[in-house]
Amino acid sequence: MTAHATTATPLRIGPHTVWPPVVLAPMAGITNAPFRTLCREFSGGKGQQAPVAEPRRRAPRHRGLFVSEMITTRALVERNEKTMHLIHFDGTEKPRSIQLYGVDPVTVGKAVRMIVDEDLADHIDLNFGCPVPKVTRKGGGSALPYKRNLLRSILREAVGNAGELPVTIKMRKGIDDDHLTYLDAGRIAVEEGVTAVALHGRTAAQHYGGTADWDAIARLKEHVPEIPVLGNGDIWCADDAVRMMRATGCDGVVVGRGCLGRPWLFADLVAAFDDGGGGQARPTFKEVAGVMLRHAGLLGEWLDDEARGVIDFRKHVPWYTKGFSVGSEARRNLAMASSLAELDDHLSGLDLDQEWPERAEGPRGRTAAGKRVVLPDGWLKDPYDCAAVSADAELDTSGG
Ligand SMILES: Cc1cc2nc3c(=O)[nH]c(=O)nc-3n(C[C@H](O)[C@H](O)[C@H](O)COP(=O)(O)O)c2cc1C
């Protein structure tokens, strides 16, 4: 795999200039401060750890944009303790990007106002992509943009309360192929002063199945030439990012599952955009083990509890070890560790000299195919009625 130079230009999100034009996708339970730190290090945005070539262009610029996991607006305005911890940024994170999810315009407005007044972030992204039945059943998540007026009200409140902060949105194509919403949502976003739109090229009905429809990203770009369009879906390596930008004309890419257990993908992305072919990082298992320990350690510091950090890290083990020869028992041991020393011990017992395996390439993370989208009764009857969504559509926090 070789990445190629692009004619891409820096991505502008309001006052923030981002190069390369790459965004870490918000992922609930994943893109907390420790994971963002790792990704930023590999992108060369922090510390010296990233094996990244010096950029050819002189850049003012932020080395990518690393968005928080989703924060529900109601929990934020209620100052829920866990939520207040989730919005924590490492002191060196700049710009600080928070993703919000809310279904009630007034609450969204209050949450945005709180972020501005208390200087909690530099950029706000709004999530309209969640396909989870518990959420769509109430009209939330990816069901919400179907109600155009409700979407408009939410965006109006968000932008109206954001002051100088740029507000962006992230969405799916629609509910299903017969109920696409992304073009209307893009137009509404422009009309309401949203700074940029990101499109995951799947419908809610698809969940994570099939392949992302990059043509839809191209259509959105044509439809809303006034603002940057970010493409999202199925970027598994740096070359995919370059291909998506070429194929769709989008202004930037959003990378999700491809960096699960592989934060060094950000080094590849920087190399691909900076000098068109830094190749691909192929860490040995020893190097991967080092990143695993660092990730678990950062989680422990963030949670102020080493054991909780290592336990939270367990979900990452299958992604980091994907493709390597790690027997099922060893894999289980790794996923049962509850201290850094134990994790280190289990890792040291493995063949650390293993080369990066081809089997580690390609899709990783959620791939479950679509199910029927569960909606409130009569939801599809009138896209323009004055729908309201009950607040418990914010209860699920599993994301997009
Ligand atoms: C574990 C997980 C959690 C996610 N959480 C969120 C979220 O909180 N907010 C959001 O907008 N999307 C969320 N998503 C969707 C991703 O941001 C992204 O749109 C999707 O994974 C498609 O991009 P990819 O093909 O690069 O993974 C989540 C996805 C995964 C796999």
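Residues numbered from 1 in each chain as written. Predicted model: local features only at pLDDT ≥ 70, side-chain atom pairs only at ≥ 80, totals over all residues. Heavy atoms only, no water.

Draft legend 1. Up close: the overall build of the protein. When you go through the protein residue by residue, the secondary structure sums to 15 helices and ten strands. A compact globule built from 400 residues should have a C-alpha radius of gyration of about 21 Å, and the protein, at 20 Å, falls within 12% of that. Counting only C-alpha atoms, the protein reaches 60 × 45 × 40 Å along its principal axes. Going through the 400 residues of the protein one by one, you find that 60% of them count as buried. Considering only contacts within the protein whose residues lie at least 6 apart along the sequence, 75% involve residues at least 24 apart. About 15800 Å² of surface is accessible on the protein, with carbon and sulfur atoms providing 49% of the total. Side chains of the protein carry 49 positive and 53 negative charges; the gap between the two charge centres is 3 Å. (Helix = DSSP H or I, 4+ residues; strand = E, 2+ residues; numbered from the N terminus. Rg over C-alpha atoms; globule rule 2.2 N^0.38 Å. Buried < 20%, exposed > 50% of the residue type's maximum accessible area, 1.4 Å probe, protein only. Contact = heavy atoms within 4.5 Å. Areas by Shrake-Rupley, 256 points an atom, 1.4 Å probe, with all protein chains shown as cover. Lys, Arg positive; Asp, Glu negative; His and termini not counted. Charge placed at Lys NZ, Arg CZ, Asp CG, Glu CD.)

Draft legend 2. Highlighting the site of the ligand. Every one of the 20 residues lining the ligand counts as a neighbour, but Gln99, Lys170, Asn232, Asp234 and Arg257 are closest to it. The contact in question runs from an oxygen atom of the ligand to an N or O atom on the backbone of Pro26, over 2.9 Å. In the environment of the ligand, an oxygen atom lies 2.7 Å from a nitrogen or oxygen atom belonging to the side chain of Arg257. Protein chains bury 98% of the 610 Å² of accessible surface belonging to the ligand in isolation. (Near = heavy atom within 4 Å. Polar contact = N/O pair within 3.5 Å; in protein donor to acceptor, adjacent residues only side chain to side chain.)

Draft legend 3. Structural view of the pairing of strand β4 (residues 65-72). Of all eight residues that make up β4, eight are buried, and the element is covered over most of its length. The sheet contact formed by strand β3 (residues 22-24) and β4 spans two bridges and is parallel. Bridge pairing in β4 links Leu24 to Phe66. When β4 meets strand β5 (residues 97-101), the two strands line up parallel, connected through four bridges. If you follow Ile71 over to β5, its bridge partner there is Leu100. (Pairing = 2+ DSSP bridges.)

Draft legend 4. Main features of the sheet that holds strand β8 (residues 196-200). With parallel pairing, eight strands are arranged side by side around a closed barrel as β3-β4-β5-β6-β7-β8-β9-β10. Going from strand to strand, the sheet's axes swing by 25° on average, the running direction of each strand aside. Contacting β5 and β6 (123-128), helix α4 (residues 105-117) crosses the sheet at an angle of about 160° to β5. Seen against the sheet, helix α6 (residues 148-161) touches β6 and β7 (167-172) and runs at an angle of roughly 165° to β6. (Axes fitted to C-alpha atoms, helices over the stretch in contact; angles between N-to-C directions.)

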